[in-house]
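Residue-level listing of the chains:
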Amino acid sequence: MNTATKTRLKKMFKDIDISLKETDPEFIDIITHFSQEEVIKVSKLTEKEQMLCILSVLLGTQGMGEFKNMVHAALNIHIEPVAIKEVIYQATAYLGISRTYDFLIETNKIMEMHGILLPLEKQSTTNLETRFEKGLNKQVSLFGSDMEKRQTEGPILRKNINRWLASNCFGDYYTRYGLNDQEREMITFCFILSQGGCENQLRGHTVGNINVGNDIEKLYSVIEQCMPYIGYPRSLNAMNIVDEIARNIEKN
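Just so it is clear, the model here is predicted, and its values are computed rather than measured.

Caption draft 1: Looking closely at the nonpolar core. M51, L59 and M70 are the most contacted members of the largest nonpolar core, which has 58 residues in total. Here this core gets eight residues from one element, more than from any other, and that element is helix α4 (residues 47-61). Sequence-distant contacts of M70, that is, excluding residues within four places in its chain, are made with F13, Q36, M51, I54, L55, L58 and Y229.

Caption draft 2: Layout of the packing of aromatic side chains. The tally for this structure, following the rule as stated, stands at four aromatic pairs. Plain terms: the ring middles of Y94 and F191 are 6.1 Å apart, the flat faces sit at 25° to each other, and that makes the pair stacked. Of the two residues, Y94 is situated in helix α6 (residues 81-95) and F191 in helix α11 (residues 181-195); the sequence distance between them amounts to 97 residues. The burial state of Y94 is the same as that of F191; both residues are buried.

Caption draft 3: Just empty space enclosed by the protein, in detail. Within the structure shown, the criterion is met by one cavity of 30 Å³ or more. Its boundaries defined by the atoms lining it, the largest cavity holds a volume of some 70 Å³. Lining the largest cavity are I192, L193, G196, G197, C198, E199, L202, R234, N237 and A238. Take the lining of the largest cavity: its biggest share by element is three residues, from helix α14 (residues 232-251). In terms of residue class, the lining of the largest cavity is built from five nonpolar, three polar and two charged.

Caption draft 4: Structural detail: the pattern of salt bridges. Under the definition given, this model contains 13 salt bridges. Note that E106 and K109 form a salt bridge whose closest N and O atoms lie 3.3 Å from each other. Pair noted here: E106 and K109 are both in helix α7 (residues 101-113), with a separation of three residues, about one helical turn. The exposure class of E106 is buried, given its relative accessible area of 18%. Of the charged contacts in the structure, one is a salt bridge between D172 and R131, with a shortest N-O distance of 2.8 Å. Residue D172 is located in helix α10 (residues 159-174), and its partner R131 is located in helix α8 (residues 131-143); the two are separated by 41 residues in the primary sequence. According to the relative accessible area criterion, D172 is partly exposed, its value standing at 24%.

Caption draft 5: Quick peek at the packing of α8 against α10. Look at α8 against α10: their axes get within 7 Å of each other, and the N-to-C directions meet at 90°. With respect to α10, the element α8 is oriented roughly perpendicular. When α8 is examined against α10, the residues R131, F132, G135, L136, K138, Q139, L142 and F143 are found in contact with a partner set consisting of R163, L165, A166, S167, N168, F170, G171, D172 and Y174. Of the residues belonging to the contact of α8 with α10, the class tally is eight nonpolar, five polar and four charged.

Caption draft 6: Summary view of the environment of G115. Locating G115 in the fold gives a position in the loop between α7 and α8. Judged by its relative accessible area of 64%, G115 is exposed.

Caption draft 7: Local environment of the layout of surface pockets. In this structure, the largest pocket encloses a volume near 910 Å³. Lining the largest pocket we find 27 residues, and of these Y94, R150, L165, Q201 and H205 sit closest to its centre. Per-element tally for the lining of the largest pocket: the top contributor is α10, with seven residues. The residue inventory of the lining of the largest pocket, partitioned by class, reads 13 nonpolar, 10 polar and four charged. A volume near 680 Å³ is recorded for the second largest pocket. Lining the second largest pocket are 24 residues, with F13, I18, I28, I31 and T32 sitting closest to its centre. Counting residues per element, the ones that place at least two in the lining of the second largest pocket are α1 (3-12), α2 (20-23), α3 (25-42), α5 (64-76) and α13 (216-230). Counting residues per element, the lining of the second largest pocket draws most heavily on α3, at 10 residues. Grouping the amino acids of the lining of the second largest pocket by side-chain chemistry returns 15 nonpolar, four polar and five charged.

Caption draft 8: Main features of the side chain of E37. Among the secondary structure elements, E37 is positioned in helix α3. This buried residue, E37, is left without a salt bridge; K41 holds the nearest opposite charge, at 6.2 Å. Look past the residues within four positions of E37 in its chain and what remains in contact with it is M1, N2, T5 and T32.

Analysis parameters
- Residues numbered from 1 in each chain as written.
- Predicted model: local features only at pLDDT ≥ 70, side-chain atom pairs only at ≥ 80, totals over all residues.
- Heavy atoms only, no water.
- Core = buried A, V, L, I, M, F, W, Y, C linked by side-chain atoms within 4.5 Å.
- Buried < 20%, exposed > 50% of the residue type's maximum accessible area, 1.4 Å probe, protein only.
- Helix = DSSP H or I, 4+ residues; strand = E, 2+ residues; numbered from the N terminus.
- Contact = heavy atoms within 4.5 Å.
- Phe/Tyr/Trp six-rings, centres within 6.5 Å; stacked < 30°, edge-to-face > 60°.
- 1 Å grid on protein atoms, 1.4 Å probe; cavity = no way out; pocket = protein on both sides within 12 Å on 5 of 7 lines; lining within 4 Å.
- Points joined across faces, edges and corners; volume = space filled by probe spheres on them.
- Nonpolar A, V, L, I, M, F, W, Y, C, P; charged D, E, K, R; others polar.
- Salt bridge = Lys/Arg side-chain N within 4 Å of Asp/Glu carboxyl O.
- Axes fitted to C-alpha atoms, helices over the stretch in contact; angles between N-to-C directions.
- Parallel < 35°, antiparallel > 145°, perpendicular 65-115°, else oblique.
- Lys, Arg positive; Asp, Glu negative; His and termini not counted.

Limitation: the analysis is restricted to geometry and does not speak to function.
Now the structure itself:
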């Protein structure tokens, strides 16, 4: 491991108790070299983007222990607390309350350990009267005018969930400050790919990422960044989806 990596890791993981260093030193050597040196060395993502991806897939896989380590690490390298919180908030739309609640509780404990005053500054830009309209506008800006048609031309039995997608998923979360559109689409891509079995949604958000400027090369880098935390099968599945969308774009 080179000196730069050692310095970076010392900063990231200071004051974090990793008992596996004592019981399983070979395992720690393998995963540390791979995830924090080999993968990072080829990444085209910023340090912030790398950390947002990691936190997102750890939420998606429900990896609480490593998630807590990475929240400490994110704060140690000065990732904004607001950005970390926004990842958890937005994950609720894609993972559900049952899979984000405990992660938010643990994140609050860690932030308090780092001397961060809670609650953080309010990030909402909508209210109960404006969330649907602003959320729908955000959907249209990211995915096109077909999003608007879903509200009037979609199956009658889906009218409730189509409205909730606009008002809740996009109106309550995507319109918030704290992360920009590129970052929000990127973490959504990570939430979906980390779960597996959500290929149709991954196709849609591959297009959404491209629409906001996260091109094919960047999406590959996102998947590579996530791979140590989700394994090869789901990573390769995600790459297949990205390739499929890329082919479709070339045909058109």
